[in-house]
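Results of the structural survey
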Amino acid sequence: MNNAPGQITLEEWDERYEQLRRAGLREPGYGGPLGRHVGDGDRRLLKLRYDNSVASLRLWNFLLTEEDRLHNARAEGKRIVGTMKDLGTVPVMAYSLDNVVAFYPDGAWWIPCVMELSAGLLETADSLGIDESFCPVRAMLGAFVTGAHFPIPDQLVCSVGATCDDFSAIAQRLNGLGYPILWWEIPHRRFPEVDEAAVRLPGGFCAPKRQVEFVKSELERVRTALERLAGQRLDDKKLSAGIQKANEVRRYLAELRQVTFTAKVCPLPALEMLIAEMLAIHFCSDRDETISVLKELIDEVKTRVQAGRGVLGDDTARIFWVNPVADLQVMNLLEDCGGRICGTEYLFSHALDTIPEELPPAEALARMALADPMVGSSVDRAERICADIRRFGSEAVLISRIPGASHCALEGEVIGEVVRSRLEVPVLEIEVPPVTDSIRPTLGTRLEALIETVKERRKK
Amino acid sequence: MICAGIDAGSRTIKIVLIDADSRAVIAKGVIDQGVEQNKLALELFEGLLKGNDINRGDVARIVATGYGRNIVSIADTTITEITCQAVGVRHLVPDAMTVIDIGGQDSKLLRLDRDGKVRDFAMNDRCAAGTGRFLEVVAERLEVGLESLGDMAAKSKKPAAISSMCVVFAETEIIGLLAAGKAREDIVAGVQAAIATRVITMAGRNIDRPIILTGGVAMISGMDTVLQSALEQSVAVSPDPQLTGALGAAIRASDQLNGAKP
């Protein structure tokens, strides 16, 4: 059996799985060959290329069994919270209660990609008046209406205010369909006036104290709702313990990012890194298992780095990627074109920072929520991107627009201008719809050209 | 020895043969693109060799570029049109700092550094509204040849306002304008202005001069003027604008052959 790091197809994974199993592979309960998920309708898996490590097998199986986990949680009598738009605050609160499971219904935006449009979720959204002028997260509406994916949550919680306009419209439509939502407001983060008390936020930002107080009061409403749902108190002690656990996830992710993005040879492909990073915002419906999955990934990555082995050549262009992609295949495409990911900003960089543990927990969560890149200006976002580009040594920035997403209309230009002026690295914007098969050649040309540009610049 | 650059574009295939050492152009040719793209490229290539008494063995290296670059079977390697356009234009216009390339299917804006390398680039990715396809649609609708569009636009006294950002809907607008009795010259001028507007959205706030226009659309008279007007900066048309991509590919082939650090 070849154990050198590499990328393999689903078919190759299933052969490898049999070899590993015969050699004594030990897996968690959700383990198994990846090919079985195609039977569930996840046809896109046949077109992806995967990291060949056991750690990545576990990561993929963890991701692809989330719906089963949620249904099991319901069967066990746990209460299910759908936490929407907010990327990383309410899940921390929900998982502080031992009988509550939170998940991220917005994650349904990947279903049209993974099922190659066969689930009809976007068509359902169309029929509800939410057409393709909205972000693909509208697939969530279809998932609620058909009930064919995740169980309908006992409680929906959604942040509103300084959030995407299109998402707010989609969530309101959901509310109108008879799925009541607890809304909590997140204001647009602004810099304190001269005479205002200021508060430092994670990520190096700053906000007026009154904004932090306001968000804290909003989160207290959420806390009360969660207590009612769980039938138990969510006191500061439980909340602090929940924050500590969330920070454990965040520290592991920070370590994984640091080791992977700064390694001379890429130790983990872009696709697996994307999925691993996504665990930060909602723990894939199992916080403790998230920690185990990440630990195993980090061990694998460290082993590869120490051995000087990786999954790509050592002359790949180091790309900083902004925004998640609707079609997972594009992460493979970047590598086909000669690039690797060295730095990311998938709209939730605040969920990668540790939550201050020395503060009262509600205050700490409020500060963290206000550090969300989506609630501040695009310039703030760009500054953080610049800092990470320096940290990870990225050679170019790729901004991936999400079709219909309101925040994408102007942010790319702003981020591009700031990055160019501060660091003089090339910036490219692309648009990635849920299924990119027909535009693969044109997308490939753009990515190849960016990589050629990076390599030309190295010759100076 | 000879090096070849083949630009397999969406509307035409272009080939330039150069002397690998002096980089002087030995032969060049253009053929309309079609369904059998590789066959067409081979036909053009063979025709150029035959027409210029060149043996196939004298061509030491071939680089293909353009959207169809990966199906050119005789190519030794491929390079994107972004890099090749930059190389080709800079060869012809050594102080070029910005290249606007408007082709049949897409448009691009390239920013170059002092050494002529691509510093940054942008491409249209949503619609054909900023491309030569827009002009083809209007030419078909107005029942005139592509080559006469420039002269027609020059006669316009009041260019029509074409508001659409989509070629398909723009065609509907053109039908409406014709029905309203708008002069064909004004419609063509309006379309040229719409293309220019679309292209300059890629430019952002800062654009370095000299600005060079290239690509098939650059051959239509008046496009440089409308771009100039939209950018409020002078825009020059590259020599041999349709061939700059193929020329750049040929130069890159010679760099590779000579082991030079381009």
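This is a predicted model, so every value here is computed, not measured.

Turning next to the overall build of chain B. Counting its secondary structure elements, chain B contains 8 helices and 10 strands. Whereas a compact globule of 262 residues would reach a radius of gyration of roughly 18 Å, chain B reaches 19 Å, a difference of no more than 12%. Looking at chain B as a whole, 49% of its 262 residues qualify as buried. Partitioning the intrachain contacts of chain B with sequence separation of at least 6 by distance along the chain shows that 68% fall at a separation of at least 24.

Once that is clear, we can look at the overall build of chain A. Counting its secondary structure elements, chain A contains 17 helices and 12 strands. Scaling as 2.2 N^0.38, a compact globule of 460 residues should have a C-alpha radius of gyration of about 23 Å, and chain A matches this with 21 Å. Judged by the C-alpha coordinates and their principal axes, chain A covers about 55 × 55 × 45 Å. Within chain A, the fraction of its 460 residues that count as buried is 55%. In chain A, the proportion of contacts linking residues at least 24 apart, taken out of those at least 6 apart, comes to 76%.

Interface size, as often reported, equals the accessible area lost upon joining of the parts. The interface is formed by 17 residues belonging to chain A together with 15 residues belonging to chain B. Where the side of chain A that touches chain B is concerned, the elements lending two or more residues are helix 16 (408-423), strand 12 (427-431) and helix 17 (440-458) of chain A. Among the elements that make up the side of chain A that touches chain B, the one with the highest residue count is helix 17 of chain A (9 residues). Here the residues of the side of chain A that touches chain B are counted per class, giving 5 nonpolar, 2 polar and 10 charged.

Let's shift gears to the sheet that holds strand 5 (residues 77-78) of chain B. Residues and elements named next belong to chain B. Taken together, 5 strands build an open sheet; the order of strands is 3-2-1-4-5 and the sheet is mixed. If you trace the sheet from one side to the other, it starts and ends with strand 3 (25-32) and strand 5, each paired once. Contacts from helix 1 (residues 37-51) reach strand 1 (2-8), strand 2 (12-19) and strand 3 within the one sheet, and its direction differs from that of strand 2 by about 35 degrees.

As a further point, take helix 1 (residues 10-22) of chain A. All names here are of chain A. Helix length check: helix 1, at 13 residues, gives a terminal C-alpha distance of 18 Å against a target of 18 Å (1.5 Å per residue), a fit within 8%. Of all the residues in helix 1, the buried ones are Leu10, Trp13, Arg16 and Tyr17. Looking straight down helix 1, one finds that the buried residues subtend no more than 115 degrees of arc, so they occupy a single side. Along helix 1, the residues that are exposed and aim more than 90 degrees away from the buried face are Glu11, Glu18, Gln19 and Arg22. Looking at the buried positions of helix 1, the neighbouring elements they touch are strand 1 (7-8) and strand 2 (50-51).

So, on to the domain arrangement of chain B. Residues and elements named next belong to chain B. What the domain assignment reports for chain B is domain 1 (2-86 + 243-258) and domain 2 (95-238). Placing a centre on the C-alpha atoms of domain 1 and another on those of domain 2 gives a separation of 26 Å. Counting residues at the interface gives 10 residues for domain 1 and 15 residues for domain 2. It is helix 2 (residues 81-92) that contributes the most residues to the side of domain 1 that touches domain 2, 4 residues altogether. The residue makeup of the side of domain 1 that touches domain 2, split by class, is 3 nonpolar, 6 polar and 1 charged.

To continue, consider the environment of Ser377 of chain A. Along the polypeptide, Ser377 of chain A turns up in the loop between helix 14 (361-370) and helix 15 (378-392). As for Ser377 of chain A and Leu279 of chain A, which are separated by 98 residues in sequence, their C-alpha atoms are 25 Å apart.

All names here are of chain B. Where burial is concerned, most of strand 6 (residues 98-102) is hidden: 5 out of the 5 residues are buried. Here strand 6 shows a buried face lined by Thr98, Ile100 and Ile102 and a second buried face lined by Val99 and Asp101. The hairpin formed by strand 6 and strand 7 (residues 107-112) contains 4 residues between the paired strands. Sheet topology places strand 6 next to strand 9 (residues 211-214); 4 bridges connect them, and they run parallel.

A few words now on the nonpolar core. In terms of nonpolar packing, the biggest core is built from 231 residues, with Ile6 and Ala250 of chain B touching the most fellow members. Two domains each provide a minimum of three residues to this core, namely domain 1 (2-86 + 243-258) and domain 2 (95-238) of chain B.

Now for the pairing of strand 3 of chain B. All names here are of chain B. Where strand 2 and strand 3 come together, 7 bridges link them in antiparallel fashion. Across the sheet, Ile18 pairs through a bridge with Val25, a residue of strand 3. In sequence, strand 2 turns back onto strand 3 through a hairpin of 5 residues, with Arg23 there showing a positive phi of about 65 degrees.

A few words now on the sheet that holds strand 5 (residues 155-161) of chain A. Strand pairing within a sheet occurs via backbone hydrogen bonds; the two strands may be parallel or antiparallel. All names here are of chain A. The strand order across the open sheet formed by 4 strands is 4-3-5-6, and the pairing between neighbours is parallel. Looking along the sheet, the strands with just one partner apiece sit at the ends: strand 4 (100-103) and strand 6 (181-186). Here the strands of the sheet are splayed against their neighbours by 25 degrees on average, with no regard to which way each runs. In terms of strand pairing, strand 5 meets strand 6 through 6 bridges, oriented parallel. Directly across from Val157, in strand 6, lies its bridge partner Leu182. Sheet strands touched by helix 9 (residues 209-230): strand 3 (79-84), strand 4, strand 5 and strand 6. Its angle to strand 6, the strand with the most contacts, is close to 160 degrees.

Residue and element names in this part refer to chain A. Orientation of helix 13 (residues 329-336) relative to helix 17, taken along the N-to-C sense of each, is 50 degrees, at an axis distance of 9 Å. Relative to helix 17, the element helix 13 lies oblique. As for how helix 13 packs across helix 17, the hand of that crossing is right-handed. Touching Val330, Leu333 and Leu334 of helix 13 are Arg440, Leu443, Gly444 and Leu447, all from helix 17. Residue classes in the contact of helix 13 with helix 17 are distributed as 5 nonpolar, 1 polar and 1 charged.

Before going further, it helps to spend a moment on helix 13 of chain A. Residues and elements named next belong to chain A. Burial of helix 13 is extensive: 6 of the 8 residues sit out of reach of the surface. Of all the positions in helix 13, only Gln329, Val330, Met331, Leu333, Leu334 and Glu335 are classed as buried. Contact partners of the buried residues in helix 13: helix 11 (270-282), strand 9 (317-322), strand 10 (339-345) and helix 17. Once helix 13 finishes, Gly338 follows within two positions and takes phi at roughly 105 degrees, a positive value.

Turning next to unusual backbone geometry. Geometrically, the link from Arg209 of chain B to Pro210 of chain B is a cis peptide bond, its omega value of 0 degrees lying close to zero. Summarising the element assignment, Pro210 of chain B is placed in the loop between helix 6 (184-200) and strand 9. The phi angle at Leu347 of chain A is positive, at roughly 80 degrees, despite the residue not being glycine. Within the secondary structure layout, Leu347 of chain A lies in the loop between strand 10 and helix 14. You can call Leu347 of chain A buried: it has 21 C-beta atoms within 10 Å.

Looking at chain B as a whole, the pLDDT averages 91, with 97% of positions reaching at least 70. Interface confidence for the predicted complex, expressed as ipTM, amounts to 0.88; the pTM equals 0.92.

This paragraph deals with the packing of helix 6 of chain B against helix 7 (residues 223-231) of chain B. In a packed pair of helices, the relevant descriptors are the angle between the two axes and the axis-to-axis distance. All names here are of chain B. Orientation of helix 6 relative to helix 7, taken along the N-to-C sense of each, is 50 degrees, at an axis distance of 9 Å. Our classification of the angle between helix 6 and helix 7 gives oblique. As helix 6 packs across helix 7, the resulting crossing turns out to be right-handed. Counting all contacts with helix 6, which are made through Gln192, Ala193, Ala196, Thr197, Val199 and Ile200, the residues of helix 7 involved are Met223, Val226, Leu227, Ala230 and Leu231. Counted by class, the contact of helix 6 with helix 7 contains 9 nonpolar, 2 polar and no charged residues.

What counts, and where the lines are drawn
- Residues numbered from 1 in each chain as written.
- Chains lettered and ligands numbered in written order.
- Predicted model: local features only at pLDDT ≥ 70, side-chain atom pairs only at ≥ 80, totals over all residues.
- Helix = DSSP H or I, 4+ residues; strand = E, 2+ residues; numbered from the N terminus.
- Rg over C-alpha atoms; globule rule 2.2 N^0.38 Å.
- Buried ≥ 20, exposed ≤ 12 C-beta atoms within 10 Å, placed from the backbone.
- Contact = placed C-beta atoms within 7 Å.
- Nonpolar A, V, L, I, M, F, W, Y, C, P; charged D, E, K, R; others polar.
- Pairing = 2+ DSSP bridges.
- Axes fitted to C-alpha atoms, helices over the stretch in contact; angles between N-to-C directions.
- Expected span 1.5 Å × (residues − 1).
- Arc of directions from axis to C-beta.
- Domains from an automatic or database assignment.
- Core = buried A, V, L, I, M, F, W, Y, C linked by C-beta atoms within 7 Å.
- Parallel < 35°, antiparallel > 145°, perpendicular 65-115°, else oblique.
- Left-handed = near helix turned anticlockwise from the far one by under 90°.
- pLDDT = per-residue confidence, 0-100.

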